[in-house]
Amino acid sequence: MTGNKSPQEARNDGERLFHLLMENVKDFAIFMLDPEGRIVSWNAGAQRILGYEEPEIIGQPFETIFVPEDIQRKRPEYELQTARDSGRAEDERWHLRKDGSRLWASGVVTPLLDERGNLRGFAKILRDITERKRTEEQLTEANQRKDEFLAMLAHELRNPLAPIQNVVQIFKLEATGKKHIQEATAMVERSLGRIVRIVDDLLDVSRITKGKIELRKERLPLQTAVQQAIESVQALIASRKHELSVLMPPEEVWLEADPVRIDQIITNLLTNAAKYTEPGGKIWLNVERLGNDCVLTVKDNGIGISREMLPRIFELFVQVDHSLDRAQGGLGIGLTLAKRLVELHGGVLEAFSGGVGEGSEFVVRMRVVPEYSGRKPEDVDTYQSKTEKCLRILIVDDNVDTARSLAMLLRSSGHQVTTEYTGPEGLRAALSEKPDVILMDIGLPGMDGCQVAQRIREHPELAGIQLIAISGYGQESDKRQSEQAGFNHHLVKPVDPVKLEALLAK
Ligand code: ADP
């Protein structure tokens, strides 16, 4: 009966193989502990990974390979306890080599029980994944740097756009009767509008990633928001010869929402529907009220979205078509932004598509304000070229172009305007000129806007001056700060000339 081994012989073979295993496996550290947690066996992998030779580590406590912080937090005891209680203990943590260096390892401890269920010891298997950990950390760091770069880029691009926007407004006012100047200005305005939109989207994305977007909620009828969004994409829809059908409930649907953001959400979805549908296509926009929710659907019969892409479509910078000659441009930010903005309003945004060529459907679901019957919002203001009142205005801004272009714009509306570019100069001009209104940047050289405002408020004879802060930051804390300094109003950069004129008219 050659080949048939007695149980004893088989056991001996097994033991020999076990020794070979301990001597040969080098990719994993494998070692055993007695029930008290002292090391009783040590394989070649453990020697390679942790640096101790077998004779010097045998009999040493489990703690030996732990970092001091973990020993202090009693992690070694805790690990053995968990293994004893739940049958295993798995973790990823820093460990200490013999030479004092650290390695990031993933490991598992298994309790070794005999046939009667008595604890005879523990087996620990551990793998060095320091490289992976380092790569992950580098990726996270690179990602953070990228986010910071984008935020900075958007910020740096946004500042010089403000004077250009102001100058375009001036050209528009001056162009009356000159057809070719009117056309040229309209062209600049359209292109500028596209750049501003992209830069603003970038700014918003970085604000959202930092949790820095604050909603300015008010009660607004969804129908009005939809109407405004349609108006702003009308030109694109017309240029692509799409047919847009709109279906809205007869009674007003009221939301407690930020009108600017709601407009952004709807405009984004409509723009995409127009962009990703071949010319002459169809777009449907439906608003429905379902109990306490309203459901807004933007549907198209365009290029559709494949099943693989559909779940990823809301991720930042994800685009189905990456070729640079993509007809429609864009950065892959719009949907990320739309989804996050809907979520900030407590709603959900979902995408559906039957696949490539089958059209797409985007569905926004949000809470309504039940049974609310309030006033209708006022009509949107348009820039008034001549105001009723002529005001004496002082602009203090260290960006000379921004200050000057805003001054030109306000002068063309009939105001008397002077400009200063530092805090101390601004204060001097305020004291000597006693203007009706001061538009003041917060970040100023020499003395910041808040300090200047405080100094102005120390003079009772200047109490009548309306102080308007112009700041890059619009969070509640920033507004509170400027109010405490004595400002009457707080505007966020870039200042919208229409809103500013409306404020001045008051
Ligand atoms: P962008 O339009 O700037 O590329 P978005 O974040 O708005 O970025 O959209 C991301 C991607 O989702 C688009 O590049 C496009 O591939 C796809 N997409 C968005 N809307 C639609 C739609 N209505 N039909 C088909 N694909 C769409």
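Let us look at the structure shown here. (Residues numbered from 1 in each chain as written. Predicted model: local features only at pLDDT ≥ 70, side-chain atom pairs only at ≥ 80, totals over all residues. Heavy atoms only, no water.)

## Section: the packing of aromatic side chains
Following the criterion strictly, the structure yields six aromatic pairs and no others. Considering the side-chain rings of phenylalanine 31 and tryptophan 42, the 5.0 Å spacing of their centres and the 45 degrees angle between planes classify their relative orientation as tilted. Residue phenylalanine 31 is located in strand E1 (residues 29–33), and its partner tryptophan 42 is located in strand E2 (residues 39–42); the two are separated by eleven residues in the primary sequence. Note on accessibility: phenylalanine 31 and tryptophan 42 belong to one class, buried. (Phe/Tyr/Trp six-rings, centres within 6.5 Å; stacked < 30°, edge-to-face > 60°. Helix = DSSP H or I, 4+ residues; strand = E, 2+ residues; numbered from the N terminus. Buried < 20%, exposed > 50% of the residue type's maximum accessible area, 1.4 Å probe, protein only.)

## Focus on the sheet that holds strand E9 (residues 282–290)
Strand order in the open sheet formed by five strands is E7-E9-E10-E12-E11, with mixed pairing between adjacent strands. Of all the strands in the sheet, the pair left with one neighbour each is strand E7 (243–247) and strand E11 (348–353). Neighbouring strand axes in the sheet, compared pairwise and without regard to direction, differ in orientation by 15 degrees on average. Packed onto the sheet, helix H8 (residues 222–239) meets E7, E9 and strand E10 (293–300) and runs at close to 175 degrees relative to E9. (Pairing = 2+ DSSP bridges. Axes fitted to C-alpha atoms, helices over the stretch in contact; angles between N-to-C directions. Contact = heavy atoms within 4.5 Å.)

## Remarks on a nonpolar patch on the surface
Among the surface-exposed residues, Phe149, Leu153 and Leu157 lie close enough to one another that they form a single nonpolar patch of about 260 Å² accessible area. One can find leucine 157 in helix H6 (residues 130–174). (Patch = residues over 30% accessible without salt bridge, like charges linked within 9 Å, V, L, I, M, F, W, Y side chains within 5 Å. Areas by Shrake-Rupley, 256 points an atom, 1.4 Å probe, with all protein chains shown as cover. Salt bridge = Lys/Arg side-chain N within 4 Å of Asp/Glu carboxyl O.)

## Quick notes on the site of the ligand
Among the 20 residues in the neighbourhood of the ligand, the closest are listed as Asn272, Lys275, Tyr276, Gln319 and Leu335. Within the contact set of the ligand, an oxygen atom lies 2.7 Å away from a side-chain nitrogen or oxygen of tyrosine 276. Within the side chain of glutamine 319, one N or O atom sits 2.6 Å away from an oxygen atom of the ligand. Relative to its free-state accessible area of 530 Å², the ligand is covered by the protein chains to the extent of 97%. Contributing elements (two or more residues each) for the shell around the ligand: helix H9 (259–275), helix H10 (334–344) and strand E12 (360–367). Sorting elements by how many residues they give to the shell around the ligand places H9 first, with three residues. (Near = heavy atom within 4 Å. Polar contact = N/O pair within 3.5 Å; in protein donor to acceptor, adjacent residues only side chain to side chain.)

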